[in-house]
Amino acid sequence: MQDFLRLKTNLIGLIGHPIKQTYSPLIHNLAIKIKNLDYYYLPFDVESINLKRAIDGLIALNFIGFNVTIPYKSKVLPLINYLSEEALVIGAINTVTINEGNLSGYNTDVFGVVETLINYKSDLIEKEFTVFGAGGSARAVIYALIKNFKPTKIYLINRTEDRALVIKESFREKLKFNSIEVLNLVLPDLVEIIQSSKLVVNATSVGMYPEVDDSVINSEKFFNKDQIIFDLIYNPQETKFLEYAKRSGATTINGLDMLIYQAAKSFELWTSEEFPISEVKQELGKILRDSYY
Ligand code: NAP
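What comes next is a walk through the structure. What you are looking at is a predicted structure, and each value in this text was computed from that prediction instead of being measured.

1. Quick notes on the pairing of strand β6 (residues 102-106)
Of all five residues in β6, four are buried, a share of seventy percent or more. Bridge count between strand β4 (residues 82-83) and β6: two bridges; the pairing is parallel. Residue pairing across strands places L83 opposite G105, the latter belonging to β6. Of the pairings in the sheet, the one linking strand β5 (residues 95-99) to β6 comprises five bridges and is antiparallel in character. Looking at β6, one finds that N99 is bridged to N102. Linking β5 to β6, which pair antiparallel, is a turn of two residues; within it E100 sits at a positive phi near 50°.

2. Comments concerning the site of the ligand
For the ligand, the set of nearby residues contains 25 residues, the closest of which are S137, N158, R159, T160 and R163. S205 places a main-chain nitrogen or oxygen 3.3 Å from an oxygen atom of the ligand. L259 is positioned such that a nitrogen or oxygen atom in its backbone is 3.3 Å from an oxygen atom of the ligand. Protein coverage of the free-state accessible area of the ligand, which is 930 Å², stands at 80%. Put simply, the ligand lies in the largest pocket. The set of elements that each furnish at least two residues to the shell around the ligand consists of α6 (136-149) and α10 (256-271). For the shell around the ligand, the element with the highest residue contribution is α10, accounting for three residues. The residue makeup of the shell around the ligand includes at least three contributed by each of domain 1 (2-107 + 257-289) and domain 2 (111-254).

3. Observations concerning the sheet that holds strand β11 (residues 228-231)
Pairing within the open sheet is parallel, and its six strands lie in the order β9-β8-β7-β10-β11-β12. Bordering the open sheet on either side are β9 (180-184) and β12 (251-253), each of which pairs with just one other strand. Taken pair by pair, the neighbouring strands of this sheet meet at an average axis angle of 15°, ignoring direction. Two strands pair when backbone bridges link them, and strand β7 (residues 128-132) and strand β8 (residues 153-158) are joined in this way by five bridges, in the parallel orientation. Residue pairing for β8: F129 is matched across the bridge by I154. Along the sheet, helix α9 (residues 240-248) contacts β7, β10 (199-202), β11 and β12; its crossing angle with β11, the most-contacted strand, is approximately 165°.

What counts as what
Throughout, a residue's number is its position along its own chain's written sequence, starting from 1. Totals for whole chains, interfaces and linings use all residues, but because this is a predicted model, local features are given only for residues with pLDDT of at least 70 and pairs of side-chain atoms are given and counted only at 80 or more. Side-chain descriptors were evaluated using all non-hydrogen atoms of the structure, hydrogens and water having been removed beforehand. Three labels apply to residues, based on accessible area from a 1.4 Å probe with only protein chains included: buried if under 20% of the type maximum, exposed if over 50%, partly exposed otherwise in between. Where helices and strands are cited, they refer to DSSP runs of H or I of at least four residues and of E of at least two residues respectively, numbered from the N terminus. A pair of strands is treated as paired once DSSP finds two or more bridges between them. Nearness is judged by heavy atoms alone; a residue qualifies as near a molecule or strand once a single heavy atom is within 4 Å of it. Polar contact criterion, stated in full: a pair of N or O atoms within 3.5 Å, where within protein one must be able to donate a hydrogen and the other to accept it, and residues adjacent in sequence count only if both atoms are side-chain atoms. Accessible areas in this description were obtained via Shrake-Rupley with a 1.4 Å probe; residue shielding takes into account the shown protein chains only. A pocket here means an open set of points on a 1 Å grid, computed over the protein atoms alone, that has protein on both sides within 12 Å along at least five of seven lines. A cavity is instead a set of points where a 1.4 Å probe fits but cannot get out; residues with an atom within 4 Å of a point line either one. For this analysis, a molecule is said to be in a pocket or cavity if more than half of its atoms are within 2 Å of the grid points defining it. The source of the domain bounds is an automatic or database domain assignment. What counts as an axis is a line fitted to C-alpha atoms, over the stretch in contact for a helix, and the angles between N-to-C directions run from 0 to 180 degrees. Residues are treated as being in contact if the distance between any of their heavy atoms lies within 4.5 Å.

Laid out in structure tokens, this is it:
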């Protein structure tokens, strides 16, 4: 990253609404600086009514690509010319490249999930899993699990059961995966199921800053020491959900690695440059330790 923008600086955007919680500009501009590249990453808070105009604007201004975040990860699909295989199955994207006015959409959250869990592959292969949530990130998690860990069963638990049922049907149709069981978020009935899952993933926004005392489960009795408990939330780094898991002796993973790996994949799609993962992890760790969350 140069100290100033130049006419030929390659611009990368982010569109979402609201976007004030995002770490993406920090992560990408850190990587650009570490690699000394002539790129710049800019966030834009875009109202729904302006979504198409904002994207047309990015094309007109010669941006080389952009990230898409809440609430546009699915809404943006009709505006994209080409969708990658995982984007088509998941029905949501977080990364777009722009090439001569053509938009290509990818879901790099999948890569973020796989890289986060890859060290546990031998523990996770052909086991039962539980996923909380039925939003865009839950779909990416389920896709990553099915493609990489051959689950014998995925229990999908969501407050709005209908959204989970749509996901079950979608993976049955698109990946021929018939082992998703949908359950409602009614806690007392769930202890045994969650206890029997080798991996439990929180892919809801429950527990995210500022609602740091909230959790989809309310006690450590849901977990045991042989489990891996993964919360996609990275702010705070230890959610209530992970606090319960830690108390039970389980292995805990927060969303920071996923955040960095999904960014790495997006960065490589835009720049064809290798993302400086360990340097960014180190710098980000310092910055987060020095701030309140
Ligand atoms: P989303 O599409 O808006 O989905 C939100 C999910 O949370 C839905 O399942 C929703 O249930 C559930 N939920 C929200 N409030 C709830 C409540 N009070 N009680 C019970 N359930 C509730 O969001 P998303 O994109 O999937 O993101 C989910 C989380 O993952 C966010 O915290 C996000 O920051 C995190 N994330 C992290 C990364 C990373 O790189 N680490 C990447 C992507 C996302 P309903 O269906 O009932 O509304």
